[in-house]
Amino acid sequence: MKLLGRALAAASLALVSACATRPVPPPEAPAPLPQPAPAPTPVPVPTPVPPSPRGINAVDTGVRIEAPRVLKPEEATRALAAFRLSCPAVMRRTDKSGLTRAGDWQPVCAQAASLDASYAPGFFYYGFDWVKVGDGRAFATGYYEPEIEGSRVPLPGYVPIYRTPADLTRCTKPDGTTGLGRVDQTGNCTMYFTRAEIEDGALAGKGLELAWAKDPVDLFFVEIQGSGRVRFPDGSVMRIGYAGQNGREYVAIGRLLRDRALLPPGGANMESIKAWIRANPDQGRELMRENLSYIFFKELTGAGPLGALNVPVTPRTTVAADPTYVPLGAPIYLHKADRHEVDGLWVAQDTGGAIKGPNRFDTFWGAGPEATAIAGGMSANGEALILVPKGTAARALAQP
């Protein structure tokens with residue numbers, strides 16, 4: 001990919017001092033960039049090598065600075081609130097993408113903390129570099145907070161919702177590889193129990209039951225979402241969230257059904273998959289077991305399900321992303337999507353086992369029937385821009 005040259009890198013560095021000390025009004029369309037202040041001698045930018053479609057991180061994949069976009073006040077206001085929540089965690093994290101360093105976020109986080117929401121569009125327009133990673137082509141799915149029926153005590157036909165077992169640990173296997181597993185009776189590190197083994201009772205009797213779910217199919221899809229609500233017969237609700245995973249490979253059962261021509265064209269969405277499993281209970285049970293991955297839960301208290309930054313995720317604002325290519329906490333602009341619902345400004349506050357690679361996102365829609373309908377059928381192709389503090393993109397471009 002062709003990267004921008006020395007002049008644009010210098011301009012990006014210069015814009016920092018022009019905008020960091022005062023709030024700016026929301027830009028009118030088209031919004032002019034502020035006049036740059038005198039800049040120091042720019043760092044020479046090496047001649048770029050065309051990147052591979054997927055490098056080891058964002059910088060290796062290739063980065064290009066794009067023009068900022070004018071935002072609607074409502075989307076900018078929602079994103080500003082989510083960004084504020086993320087700031088404490090963002091300033092402590094090590095960014096695997098190579099785009100930023102922890103200290104880069106301090107000035108914009110300090111400004112966001114006291115900024116009047118009416119200035120939110122200008123904050124994102126002037127305070128950030130808008131960058132494209134790779135070719136920028138994005139694919140977005142959706143997730144939501146489902147609600148299932150359950151019980152606080154075991155009942156016939158109900159299945160356990162497990163806490164993280166104490167013997168799930170990171171260890172080194174005899175072949176020298178390190179990962180999640182368990183230490184067996186011989187003292188060797190081995191793979192942890194599969195979904196089938198857990199369902200067949202490998203963890204029974206260990207006191208790990210958080211609650212019991214009425215429908216194993218519903219619980220399976222709560223695992224895919226990573227969080228949910230369990231409604232008990234007395235009307236009370238327990239909110240559960242991701243606590244751990246057994247270290248086994250995640251397999252998308254919708255893809256298996258599609259590849260085996262068991263669903264109609266375009267039918268690999270949540271409702272059609274559930275319908276097939278229920279219409280074919282024996283085959284459906286075996287299909288779910290082909291996904292070896294198993295999710296453990298914890299009870300959540302307080303606001304919202306928690307994302308990877310350990311802050312509540314926000315409906316229609318939070319996206320899950322791969323932190324190898326996106327700094328967690330960074331605003332994300334999705335546009336030109338073939339599903340218009342995903343177009344707009346989001347904030348990367350979460351991750352997901354199936355969310356891997358550059359420009360791969362999972363949009364959060366909240367709870368309730370509308371959220372379920374949108375998220376369950378979401379499959380959108382479009383383009384993505386990542387927002388990083390002004391000046392940091394120029395440094396990323398200058399990396400050899």
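A few points on the structure. (Residues numbered from 1 in each chain as written. Predicted model: local features only at pLDDT ≥ 70, side-chain atom pairs only at ≥ 80, totals over all residues. Heavy atoms only, no water.)

1. Focus on the sheet that holds strand S4 (residues 147-151)
Pairing is mixed in the open sheet, where six strands are placed in the order S5-S9-S4-S10-S11-S12. The open sheet has two edge strands with one neighbour each: strand S5 (159-162) and strand S12 (295-300). Across the sheet, the mean angle from the axis of one strand to that of its neighbour is 45°, orientation sign disregarded. Bridge analysis of S4 against strand S9 (residues 209-213) gives two bridges, and the strand direction is antiparallel. When the sheet's bridge partners are listed, Ser 151 is paired in S9 with Trp 212. (Pairing = 2+ DSSP bridges. Helix = DSSP H or I, 4+ residues; strand = E, 2+ residues; numbered from the N terminus. Axes fitted to C-alpha atoms, helices over the stretch in contact; angles between N-to-C directions.)

2. Things to note about the state of the cysteines
Following the criterion strictly, the structure yields two disulfides and no others. A disulfide bridge connects Cys 87 with Cys 109, and the sulfur atoms are separated by 2.1 Å. What sets the handedness of the Cys 87 and Cys 109 disulfide is the S-S torsion sign, and at about -90° it is left-handed. Within this pair, whereas Cys 87 is found in helix H3 (residues 73-90), its partner Cys 109 is found in helix H4 (residues 106-114), the two being separated by 22 residues in sequence. Side by side, Cys 87 and Cys 109 carry an identical accessibility label, which is buried. (Disulfide = S-S within 2.5 Å. Buried < 20%, exposed > 50% of the residue type's maximum accessible area, 1.4 Å probe, protein only.)

3. Regarding the nonpolar core
Among the nonpolar cores identified, the biggest contains 74 residues, and Phe 83, Phe 123, Phe 124, Phe 128, Ile 277, Ile 332 and Phe 361 are the most heavily contacted of them. Broken down by element, this core gets its largest block of residues, eight residues, from H3. Residues Ile 161, Val 222, Met 238 and Ile 240 belong to the second largest nonpolar core, which totals 13 residues. (Core = buried A, V, L, I, M, F, W, Y, C linked by side-chain atoms within 4.5 Å.)

4. Considerations on the sheet that holds strand S8 (residues 189-190)
Consider a sheet: its strands pair through backbone hydrogen bonds, and that pairing is either parallel or antiparallel. Spatially, S6-S7-S8 is the arrangement adopted by the three strands of the open sheet, whose pairing is antiparallel. Each edge of the sheet is formed by a strand with only one pairing partner; in this case those strands are strand S6 (169-172) and S8. As paired strands, strand S7 (residues 178-183) and S8 are joined by two bridges and run antiparallel to one another. Bridging from a neighbouring strand, Val 183 pairs with Cys 189 of S8.

5. Things to note about the side chain of Gln 349
Within the element layout of this structure, Gln 349 appears in strand S15 (residues 344-350). Within the structure, the side chain of Gln 349 is placed 2.4 Å from the side chain of Thr 318, a separation counted as a polar contact. Among residues more than four places away in sequence, those in contact with Gln 349 are Ala 82, Leu 85, Ser 86, Gly 307, Ala 308, Leu 309, Val 311, Pro 312, Val 313, Thr 314, Thr 318 and Val 319. (Polar contact = N/O pair within 3.5 Å; in protein donor to acceptor, adjacent residues only side chain to side chain. Contact = heavy atoms within 4.5 Å.)

6. Examining unusual backbone geometry
Among all residues save glycine, negative phi is the norm, and among peptide bonds the norm is trans. Despite not being glycine, Arg 316 shows a phi value in the positive range, around 65°. Topologically, Arg 316 is positioned in the loop between S12 and strand S13 (318-320). Judged by relative accessible area, which is 34%, Arg 316 ranks as partly exposed. We note that Asn 359 has phi near 60°; this positive angle belongs to a residue other than glycine.

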